[in-house]
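Chain by chain, the residues:
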Protein chains: 2
Amino acid sequence: MIRLYYAPGACSLAPHIALEEAGAAFEAVRLDFRQGEQRGEAYREINPKARVPALATDRGVLTECLAILAWIARTWPEARLAPLEDAWAMAQVHSFNSFLASSVHVAWAHISRPGRYADGEAAAEAMRAKAPEALGGFFDLIEGRLADGRPYVHGETYTISDPYLMVMTGWIRSRDMVPRARMERVLAHYELVRARPAVVRALEREAAPA
Amino acid sequence: MIRLYYAPGACSLAPHIALEEAGAAFEAVRLDFRQGEQRGEAYREINPKARVPALATDRGVLTECLAILAWIARTWPEARLAPLEDAWAMAQVHSFNSFLASSVHVAWAHISRPGRYADGEAAAEAMRAKAPEALGGFFDLIEGRLADGRPYVHGETYTISDPYLMVMTGWIRSRDMVPRARMERVLAHYELVRARPAVVRALEREAAPA
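Note that the structure is a prediction, hence the values are computed from the model and not measured.

A. Region of the structure containing the overall build of chain A. Across its full length, chain A holds eight helices and four strands. When the helices and strands of chain A are listed from N to C terminus, the series reads β-α-β-α-β-β-α-α-α-α-α-α. Here the C-alpha atoms of chain A give a radius of gyration of 17 Å, agreeing with the 17 Å that 2.2 N^0.38 yields for 210 residues. Burial analysis of chain A (210 residues in total) assigns 57% to the buried set. Pairs at least 24 residues apart make up 66% of the contacts formed inside chain A by residues separated by at least 6 positions.

B. Layout of the relation of the copies chain A and chain B. For the pair chain A and chain B, the relating rotation is 180°, the translation along its axis is 0.0 Å, and the fit reaches an RMSD of 0.0 Å. Here the copies are linked by what is in effect a two-fold axis. Proximity to the rotation axis, assessed at the C-alpha, singles out Ser102(A) in chain A; its C-alpha lies 2.1 Å from the axis. Comparing interface residues between copies, 100% of those in chain A also sit at the interface in chain B, which points to an isologous, same-surface contact.

C. Inspection of the sheet that holds strand β1 (residues 2-6) of chain B at higher detail. All names here are of chain B. The sheet built from four strands is open, its strands ordered β2-β1-β3-β4 with mixed pairing. Two strands close off the open sheet at either side, each with one partner strand: β2 (26-30) and β4 (60-63). Looking at each pair of strands side by side, their axes are set apart by 20° on average, direction ignored. Bridge analysis of β1 against β2 gives five bridges, and the strand direction is parallel. Opposite Tyr5, over in β2, you have Val29 as the bridge partner.

D. Layout of the nonpolar core. Counting residues in hydrophobic clusters, the biggest one holds 64 residues, and the most contacted among them are Trp71(B), Ile72(B), Val104(B), Leu135(B), Phe139(B), Ile142(B) and Tyr164(B). With 10 residues, helix α4 (residues 87-112) of chain B is the largest single contributor of residues to this core. One finds Leu13(A), Leu19(A), Ala107(A) and Phe139(A) within the second-largest nonpolar core, a separate group that totals 63 residues.

E. Spotlight on empty space enclosed by the protein. Residues and elements named next belong to chain B. Following the criterion strictly, the structure yields one cavity of 30 Å³ or more and no others. Estimated volume of the largest cavity: approximately 30 Å³. Contributing to the lining of the largest cavity are Ile172, Arg173, Asp176, Met177, Val178, Arg180, Met183 and Leu187. Class assignment for the residues of the lining of the largest cavity results in five nonpolar, no polar and three charged.

F. Broad picture of the environment of Pro151(B). Residues and elements named next belong to chain B. Among the secondary structure elements, Pro151 is positioned in the loop between α5 (121-145) and α6 (161-174). For Pro151, a relative accessible area of 25% corresponds to the partly exposed category. With 11 residues separating them along the chain, Pro151 and Asp162 place their C-alpha atoms 9.8 Å apart. Beyond its immediate stretch of four places on either side in the chain, Pro151 contacts Leu146, Glu156, His189 and Leu192.

G. Region of the structure containing the interface of chain A and chain B. With 43 residues of chain A in contact, the opposing surface of chain B contributes 43 residues. Counting each side, the surface lost to burial between chain A and chain B is near 3600 Å², with a carbon and sulfur contribution of 61%. The interface formed by chain A and chain B includes four salt bridges. With a shortest N-O distance of 2.9 Å, Arg59(B) and Asp86(A) are connected by a salt bridge. Our enumeration of links across chain A and chain B arrives at 14 residue pairs in polar contact (both at pLDDT 80 or more). Secondary structure elements with two or more residues in the side of chain A that touches chain B: β3 (54-57), β4 (60-63), α3 (65-75), α4 (87-112) and α5 (121-145) of chain A. A total of 14 residues in the side of chain A that touches chain B trace back to one element, the largest contributor, which is α4(A). Here the side of chain A that touches chain B is built from residues that sort into 22 nonpolar, 11 polar and 10 charged.

Rules used in this analysis
Throughout this document, residue positions are counted from 1 along each chain, in the order its sequence is written. Whichever chain is written first becomes A and whichever ligand is written first becomes 1, with later ones labelled in order. Given that the model is predicted, a residue must reach a pLDDT of at least 70 before its local features are reported, and side-chain atom pairs must reach 80 or more before they are shown or counted; all residues, however, enter totals for whole chains, interfaces and linings. Only hydrogens and water are removed before side-chain values are computed, so all heavy atoms of the structure are retained for them. Runs of H or I in DSSP of at least four residues are treated as helices and runs of E of at least two as strands, each being numbered from the N terminus. C-alpha atoms define the radius of gyration, and 2.2 Å times the number of residues to the power 0.38 defines the globule rule. Each residue gets one of three labels from its accessible area relative to the maximum for its type: buried under 20%, exposed over 50%, partly exposed in between, using a 1.4 Å probe on protein chains only. Any two residues whose heavy atoms approach within 4.5 Å are treated as being in contact. To superpose the copies, least squares is applied to the C-alpha atoms of every residue with a pLDDT of at least 70 in both. At least two DSSP bridges between two strands are needed for those strands to be called paired. Lines fitted to C-alpha atoms define the axes, with helix axes restricted to the stretch in contact, and inter-axis angles between N-to-C directions lie between 0 and 180 degrees. What we call a nonpolar core is a set of buried Ala, Val, Leu, Ile, Met, Phe, Trp, Tyr and Cys residues that are connected through their side-chain atoms within 4.5 Å. As defined here, a cavity is a set of points on a 1 Å grid over the protein atoms alone where a 1.4 Å probe fits but cannot get out. A pocket is an open set with protein on both sides within 12 Å along at least five of seven lines, and residues line them when an atom is within 4 Å of a point. Grid points are joined across faces, edges and corners, and a volume is the space filled by probe spheres set on the points. In the scheme used here, Gly and all other residues not listed as nonpolar or charged are polar, with Ala, Val, Leu, Ile, Met, Phe, Trp, Tyr, Cys and Pro taken as nonpolar and Asp, Glu, Lys and Arg as charged. Buried surface area refers to the total accessible area, computed with a probe of radius 1.4 Å, that the two partners give up upon joining, counted for both partners together. Just to be clear on terms, a salt bridge is a Lys or Arg side-chain nitrogen sitting within 4 Å of an Asp or Glu carboxyl oxygen. What qualifies as a polar contact is a pair of N or O atoms within 3.5 Å, subject to a donor-acceptor requirement within protein and to the restriction that residues adjacent in sequence count only when both atoms come from side chains.

Okay, here's the thing in structure tokens:
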């Protein structure tokens, strides 16, 4: 049995959605970040990085959103979650997801978890002041991709980049970090993805009482 | 003709090495970061993110180290730069490379490019003070992977994770950011990779006068 370790609303929501899209049989294991469960000894044996997501299978543990998403797409090819046969198109999926992981998520983490990057309230304040500028630039690029009526990140077809972007858009939107007029297409993308049955199922599971 | 846009010693060195390992025909186009060439209009038309690497092919432009590395491995399968046939093993390659991109490189960027994350010298100082702690933890994890005489990141076989790690190790090593006794296997890995003919060729090209 596959087990996905997640925290509600964290980036682990993206592979959670992808497992639902794939119709995979899996167990979703919730970690309580408020209790610091991700730093506990039991979880560190699973993922020494003390982060989510982690996916446990009979071959071992896989970490990092991008890698778990790629593995799900390849393991359930009938779900058509990525252009598996086209090396160039697949590389564009990896590229976009890597940009989300190493630029967008990182900029957000300077607001949500400033202690990762510097100690002290003054530094936290300076990072919180800078992050909206970075996020604005990143979302301008994403807004540009969705131009010309392309509904999804990679065009006409839904891929593993779409739930991953939806999760990040949800974060930015929750704090009005980027002016809404500047990300109209991104917000329409959010609603389009948010309405998918697999997304609704994953969100309901994450919101259910522990 | 494939063109790789790079800056000497930047993370673009990893795909530069991979193209050499693959025996690819390519043109290496150097950007002068001291002149801010990556932010100039000409380069922004190629990569609006104003970063390196970017790979231009007849299908368009591909950005992000991880994605370019994966595409090279798949486009030149005879070079055996990744476990292409094994979805789980390939996902582990993506996982390690994503960790380098979004954790190791990001921690380093707080030292080398603090202005990305906060304005002001006090904040830069706070970030520079914190980064060695983060990098120490990351390199402890990597040192652990190389235990039991595994020469390469993924075991007995050289993959696209190895030049990518070598580049990061080179950065850390250049400033003695992590005590050397704590990363002995990582430093041995650096020397092993550094001696490969493809690596020597890429480094010589990057070091040549402009």
